[in-house]
Amino acid sequence: KEDIVTVSDEYAPEHLQLLTEENDWYKDRLTNYGSLFVGEGSTVTHGDKCSGTNHILPTKGAARYSGGLNVQKFLKVLTWQELSAEANREFSAVGSRISRAEGMDGHARSCDWRLNKYFPDKKWDFEVVDQGIILK
């Protein structure tokens, strides 16, 4: 059974019909499909035409990273970050090094500025550019 789930999830079908004696077991483990039809009472036609899902589903294995079109695709998701001075000890130290390694000096300097502002007496074991401008 595990092999069936593995193969199905790798294939990531647009439509997947479950007609087994253990539908709930499969439903709880399958993760990559456009739309799942569980049991003999449901059919692809229902999903495509009338049950409230839709027929705009991921094809060509895209169900590995995306689901079908639904109202959530039209909702705007906002993310935000707010870090304390203390959190910057780790975040800016990591961000500075990663950015510098990637050749993104502006990103590195934005972290360096915070390290210099919040930890002015700290000696870092990596390059931290002193930009000479610290706003209070």
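The structure contained in this document is the topic of the report that follows. Predicted, not measured: the structure shown is a model, and the values here were computed from it. (Residues numbered from 1 in each chain as written. Predicted model: local features only at pLDDT ≥ 70, side-chain atom pairs only at ≥ 80, totals over all residues. Heavy atoms only, no water.)

**Focus: the pairing of strand β2 (residues 35-38)**
Right, so step 1: One ladder, built from four bridges, connects strand β1 (residues 15-18) with β2; its direction is parallel. Its bridge partner lying in β2, H15 is registered against S35.
Right, so step 2: Remark: the β1/helix α2 (residues 23-29)/β2 crossover connection has right-handed handedness. (Pairing = 2+ DSSP bridges. Helix = DSSP H or I, 4+ residues; strand = E, 2+ residues; numbered from the N terminus. Right-handed = clockwise from strand over helix to strand, strands pointing away.)

**A few points about helix α4 (residues 85-101)**
Right, so step 1: Helix length check: α4, at 17 residues, gives a terminal C-alpha distance of 24 Å against a target of 24 Å (1.5 Å per residue), a fit within 8%.
Right, so step 2: At F91, α4 shows its largest kink, close to 30 degrees.
Right, so step 3: Within α4 the residues assigned to the buried category are N88, S92, A93, G95, S96 and S99.
Right, so step 4: On the buried face of α4, the contacting elements are α5 (105-118).
Right, so step 5: Positioned one or two residues after α4, G103 has a phi angle of 80 degrees, which is positive. (Expected span 1.5 Å × (residues − 1). Bend = angle between axes of the 7 residues up to and from the residue. Buried < 20%, exposed > 50% of the residue type's maximum accessible area, 1.4 Å probe, protein only. Contact = heavy atoms within 4.5 Å.)

**A look at the packing of aromatic side chains**
Right, so step 1: What the rule picks out here adds up to four aromatic pairs.
Right, so step 2: Considering the side-chain rings of F119 and W124, the 6.0 Å spacing of their centres and the 80 degrees angle between planes classify their relative orientation as edge-to-face. Per residue, the accessibility class of F119 equals that of W124, and both read buried.
Right, so step 3: On the basis of an interplanar angle of 50 degrees and a centroid distance of 5.7 Å, the ring pair of W124 and F126 is categorised as tilted.
Right, so step 4: Look at W124 and you get buried, because its relative accessible area is 18%.
Right, so step 5: Among the aromatic residues, those joined into a cluster by ring pairs are Y118, F119, W124 and F126.
Right, so step 6: Across the ring face of F126, the terminal group of R97 is positioned such that the distance to the ring centre comes to 4.5 Å.
Right, so step 7: Residue placement shows K122 over the ring face of W124; its charged tip is 5.1 Å from the ring centre. (Phe/Tyr/Trp six-rings, centres within 6.5 Å; stacked < 30°, edge-to-face > 60°. Lys NZ or Arg CZ within 6 Å of the ring centre and 35° of its normal.)

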